[in-house]
Amino acid sequence: MSAEPAWAPRPPRPDVYGRTRAMLGDPTPLACTTALTAIEVVHGGDGLDTLLRWITPEVRERLARQHSLARRIGRHGGVAARIVRARACRVSERATEVAVIAQIGTHARAIAIRLEDLAGRWVITVLDIG
């Protein structure tokens, strides 16, 4: 008995125009890259503009606010960050939630990410950094 991963491709489904479209693949690499950039941004580093394609305006606004606060207290990035662990769970046909543990400096941070299939690509609709 082999267990198939939750993100395994499923049969094609029709899109809003009636065309069939395959299920999107595993979003974990995108979630990890985004989490790494987001953790650096909230610690005063640059890189928010590189995320614009994959995040909603609400997520961008939150990250920009946290970036601004970090800059006001004197943080300007430069601290190395890395992803320690990531776990994805497909919660529906069009949504996946990913839990990421990132380490920045000597501190570990938990990051919760929700990705949704919007117009045939993964878009991050929720990104919470603990």
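Conventions we followed
- Residues numbered from 1 in each chain as written.
- Predicted model: local features only at pLDDT ≥ 70, side-chain atom pairs only at ≥ 80, totals over all residues.
- Heavy atoms only, no water.
- Helix = DSSP H or I, 4+ residues; strand = E, 2+ residues; numbered from the N terminus.
- Expected span 1.5 Å × (residues − 1).
- Contact = heavy atoms within 4.5 Å.
- Pairing = 2+ DSSP bridges.
- Axes fitted to C-alpha atoms, helices over the stretch in contact; angles between N-to-C directions.
- Buried < 20%, exposed > 50% of the residue type's maximum accessible area, 1.4 Å probe, protein only.
- Salt bridge = Lys/Arg side-chain N within 4 Å of Asp/Glu carboxyl O.
- Parallel < 35°, antiparallel > 145°, perpendicular 65-115°, else oblique.
- Nonpolar A, V, L, I, M, F, W, Y, C, P; charged D, E, K, R; others polar.

> Can you break down helix α2 (residues 57-72) residue by residue, with the values?
Between its terminal C-alpha atoms α2 stretches 22 Å, which fits the 22 Å expected from 16 residues at 1.5 Å a residue. Looking at the buried positions of α2, the neighbouring elements they touch are α1 (28-42) and β6 (121-129).

> Residues and numbers for the sheet that holds β6, please.
The strand order β3-β4-β5-β6 describes an open sheet built from four strands, whose pairing is antiparallel. In the strand order of this sheet, the two ends are held by β3 (81-92) and β6, each with one partner. Across this sheet, the average inter-strand angle for adjacent strands is 25°, counted without regard to direction. In this sheet, strand β5 (residues 107-118) lies alongside strand β4 (residues 95-104) in antiparallel orientation, the contact comprising ten bridges. Each bridged residue has a counterpart across the sheet, and for Val98 the counterpart in β5 is Ile113.

> Talk me through unusual backbone geometry; I want residue IDs and the actual numbers.
In this structure, Ala119 is a non-glycine residue whose phi angle is positive, near 55°. Following the sequence through the fold, Ala119 ends up in the loop between β5 and β6. What makes Ala119 exposed here is its relative accessible area of 79%.

> Go over the pattern of salt bridges, please, and point to the residues and values.
For the structure shown, the criterion picks out five salt bridges. Note that Asp46 and Arg71 form a salt bridge whose closest N and O atoms lie 3.0 Å from each other. On the criterion of sequence distance, the pair formed by Asp46 in the loop between α1 and α2 and Arg71 in helix α2 is long-range, its members being 25 residues apart. Here Arg114 ties to Glu116 by a salt bridge, and the two come within 2.9 Å at their closest N and O atoms. Judged by relative accessible area, which is 23%, Arg114 ranks as partly exposed. The network of salt bridges with common partners includes Glu97, Arg114 and Glu116.

> Provide a residue-level description of the pairing of β6, including the pertinent values.
Sheet topology note: the β5/β6 ladder contains eight bridges and is antiparallel. Note that in β6 the partner of Ile111 across the bridge is Ile129.

> Let's hear about α1: which residues, and what values?
Helix length check: α1, at 15 residues, gives a terminal C-alpha distance of 21 Å against a target of 21 Å (1.5 Å per residue), a fit within 8%. Inspection of α1 places Thr28, Leu30, Ala31, Cys32, Thr34, Ala35, Thr37, Ala38, Ile39, Val41 and Val42 among the buried residues, and these make up the whole buried set. On its buried side, α1 packs onto α2, β3, β4, β5 and β6. Gly44 sits one or two residues past α1 and shows a positive phi near 95°.

> Explain the packing of α1 against α2 residue by residue, including any values.
Packing of α1 against α2 brings their axes to within 7 Å, and their N-to-C directions diverge by 40°. In terms of their interaxial angle, α1 and α2 are classed as oblique. In this structure, α1 uses Ala38, Val41 and Val42 to contact α2, whose residues at the interface are Leu63, Gln66, His67 and Ala70. The residue makeup of the contact of α1 with α2, split by class, is five nonpolar, two polar and no charged.

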